[in-house]
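Single-letter residue listing:
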Amino acid sequence: MLRLLWLLWALAAGTGAVAAERIRYCDYPVYPPISWSDGKQVRGLAPTVVKQLFARLGYEVDIVVLGNWKRCLLDAAEGRVDVVLAYSTAQREQSMRFSTVPVLREEVAVFVNRNHPVTFEKLEDLGHYRGGLLFGESYGPDFDRFVMQHNNIEWVSDSRQNFGKLIRGRIDFITQERRTGELYVEHMPGAESITALPRSLSVDYLRIAVSRHSALAERMPQIDAELQRMVDAGEVERWLNESEATYRDMINLPVNSR
């Protein structure tokens, strides 16, 4: 009997019938072209990289979407999800392991309303103005300390809400990845007055982040090696360009055809 069961298992494995192990990836899809929703599914560079990367390592990916980015980070920290894509900070590294190979270099810009000029030469200059951030966003330890010291940030869960407040003059600036912010400005009604200041707030790197509670945490060397192959092959850059084009196509569709 045991021999028969072993043969059946071997046959199933040989035909690919053994199911791949499933992992949970949390996304908050409000950052086109990195991640965004078409109303039916999460799309963009981030879910594409995660699904492709972990499929090559033998996993199937379940995408989890929560109410804000802070919830994603909390669930990863506590082990309810396995993977997120995020910037590395000292606080996050206590509960997550980050890939040494970055997925993407990102430039954080300051977006302002031309009708309400903002002077920005150094971080402290922003202490004189009211800013907007998404729950859970962090742009490095200096910026996090600045936010705590000045208490001049209004927190929201949606980027469109943030840009809407900037358009109406309810806040003075938004800190946002430049590529994502420019896509919003390009397509949002009334955003003609919004611009990104030429001086960047910071440059950071989006990385694969694995919960230290997940079994994946022991596979970081394999994750880095496969991610490096994807970057070297130009796949990540191609997926980014495809995502940006797809997002623009979706935004430009007539409303009744979406």
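You'll find the structure just up there.
Let me sum up the structure you'll find in this document. Owing to the predicted nature of the structure, the values given are computational and were not obtained by experimental measurement.

### A closer look at the state of the cysteines
Inference 1: Taken as a whole, this structure holds one disulfide when the rule is applied.
Inference 2: The disulfide bridge from Cys26 ends at Cys72, spanning 2.0 Å between sulfur atoms. The chirality of the disulfide connecting Cys26 with Cys72 is left-handed, given an S-S dihedral of about -80 degrees. Residue Cys26 is found in strand β1 (residues 21-27), and its partner Cys72 is found in helix α3 (residues 69-77); the two are separated by 46 residues along the sequence.

### Side note on helix α2 (residues 45-56)
Think of an α-helix as 3.6 residues a turn; residues three or four steps apart then line up on the same face.
Inference 1: Its 12 residues give α2 an end-to-end C-alpha distance of 17 Å, which sits within 8% of 16 Å, the value for a rise of 1.5 Å per residue.
Inference 2: All buried positions along α2 are accounted for by Leu45, Ala46, Pro47, Val49, Val50, Leu53 and Phe54.
Inference 3: Of the residues one or two after α2, Gly58 is the one with positive phi, at around 95 degrees.

### Topic: the layout of surface pockets
In this approach, a probe sized like a water molecule rolls over the atoms, and the result shows the empty space that is left.
Inference 1: Considering only enclosed or pocket space, the largest pocket measures out at about 630 Å³ in volume.
Inference 2: Surrounding the largest pocket, 20 residues form its lining, Leu73, Gln91, Arg92, Gly136 and Ser138 being those nearest its centre.
Inference 3: Class assignment of the residues belonging to the lining of the largest pocket gives a composition of 10 nonpolar, six polar and four charged.
Inference 4: As a volume, the second largest pocket reaches approximately 170 Å³.
Inference 5: Taken together, 13 residues make up the lining of the second largest pocket; nearest its centre are Pro29, Ser37, Arg160, Tyr184 and Tyr247.

### Some thoughts on empty space enclosed by the protein
Inference 1: Under the defined criterion, the tally for this structure stands at one cavity of 30 Å³ or more.
Inference 2: Of the voids in this model, the largest cavity is the one considered here, and its volume is about 310 Å³.
Inference 3: Taken together, 21 residues line the largest cavity, and the ones lying closest to its centre are Tyr31, Trp69, Leu85, Glu106 and Leu206.
Inference 4: When contributions to the lining of the largest cavity are tallied by element, the ones reaching two or more residues are β1, β6 (83-86) and β11 (173-177).
Inference 5: Ranked by residues supplied to the lining of the largest cavity, first place goes to β1 with three residues.
Inference 6: For the lining of the largest cavity, the residue count by class is 12 nonpolar, four polar and five charged.

### Here's the deal with the nonpolar core
Inference 1: Counting residues in each nonpolar core, the largest one holds 81 residues, and the members touching the most others are Leu45, Val49, Phe54, Val84, Val103, Phe111 and Ile208.
Inference 2: Looking at this core, the element that brings in the most residues is strand β12 (residues 194-211), giving eight residues.

### What about the packing of α2 against helix α9 (residues 235-252)?
Inference 1: Across the interface, α2 lies against α9 with an axial gap of 9 Å and an inter-helix angle of 145 degrees. In this structure, α2 crosses over α9, and the sense of that crossing is right-handed. Seen from α2, the contacting residues are Leu45, Thr48, Val49, Gln52 and Arg56; seen from α9, they are Glu235, Val236, Trp239, Leu240 and Ser243.
Inference 2: When grouped by side-chain class, the residues that make up the contact of α2 with α9 number five nonpolar, three polar and two charged.

### Focus: the packing of aromatic side chains
Inference 1: Per the counting criterion, the structure on display carries seven aromatic pairs.
Inference 2: Centroid distance Phe163 to Tyr184: 5.6 Å. Interplanar angle 35 degrees. Geometry classified as tilted. In this pair, Phe163 sits in helix α6 (residues 159-167) while Tyr184 sits in helix α7 (residues 178-187), placing the two residues 21 residues apart along the sequence. The same class applies to Phe163 and to Tyr184, which are both buried.

### Regarding the sheet that holds strand β3 (residues 35-37)
Inference 1: Read across the sheet, three strands follow the order β2-β3-β4 without closing on themselves; strand pairing throughout is antiparallel. Pairing within the sheet leaves two strands with one partner each, and these edge strands are β2 (30-31) and β4 (42-43).
Inference 2: Together, β3 and β4 form the strand contacts of α9, whose direction differs from that of β3 by roughly 30 degrees.

### Re the pattern of salt bridges
Inference 1: Scanning the entire structure with this criterion turns up 18 salt bridges.
Inference 2: Across the pair Glu177 and Arg179 runs a salt bridge, and its minimum N-O distance is 3.2 Å.
Inference 3: By relative accessible area, which is 5% here, Glu177 ends up buried.
Inference 4: Of the residues examined, Arg179 reaches a relative accessible area of 24% and is grouped as partly exposed.
Inference 5: Between Glu242 and Arg238 there is a salt bridge, and its shortest N-O distance comes to 3.5 Å. Note that Glu242 and Arg238 are positioned in helix α9 at a spacing of four residues, about one turn of the helix.
Inference 6: Of the residues examined, Glu242 reaches a relative accessible area of 40% and is grouped as partly exposed.
Inference 7: Among the residues examined, Arg238 registers a relative accessible area of 41% and is labelled partly exposed.
Inference 8: Within the structure, one salt-bridge network assembled from shared partners comprises Arg56, Glu226, Arg229 and Glu235.

Calculation notes
- Residues numbered from 1 in each chain as written.
- Predicted model: local features only at pLDDT ≥ 70, side-chain atom pairs only at ≥ 80, totals over all residues.
- Heavy atoms only, no water.
- Disulfide = S-S within 2.5 Å.
- Helix = DSSP H or I, 4+ residues; strand = E, 2+ residues; numbered from the N terminus.
- Expected span 1.5 Å × (residues − 1).
- Buried < 20%, exposed > 50% of the residue type's maximum accessible area, 1.4 Å probe, protein only.
- 1 Å grid on protein atoms, 1.4 Å probe; cavity = no way out; pocket = protein on both sides within 12 Å on 5 of 7 lines; lining within 4 Å.
- Points joined across faces, edges and corners; volume = space filled by probe spheres on them.
- Nonpolar A, V, L, I, M, F, W, Y, C, P; charged D, E, K, R; others polar.
- Core = buried A, V, L, I, M, F, W, Y, C linked by side-chain atoms within 4.5 Å.
- Axes fitted to C-alpha atoms, helices over the stretch in contact; angles between N-to-C directions.
- Left-handed = near helix turned anticlockwise from the far one by under 90°.
- Contact = heavy atoms within 4.5 Å.
- Phe/Tyr/Trp six-rings, centres within 6.5 Å; stacked < 30°, edge-to-face > 60°.
- Pairing = 2+ DSSP bridges.
- Salt bridge = Lys/Arg side-chain N within 4 Å of Asp/Glu carboxyl O.

Purely geometric stuff here, so don't read any function into it on its own.
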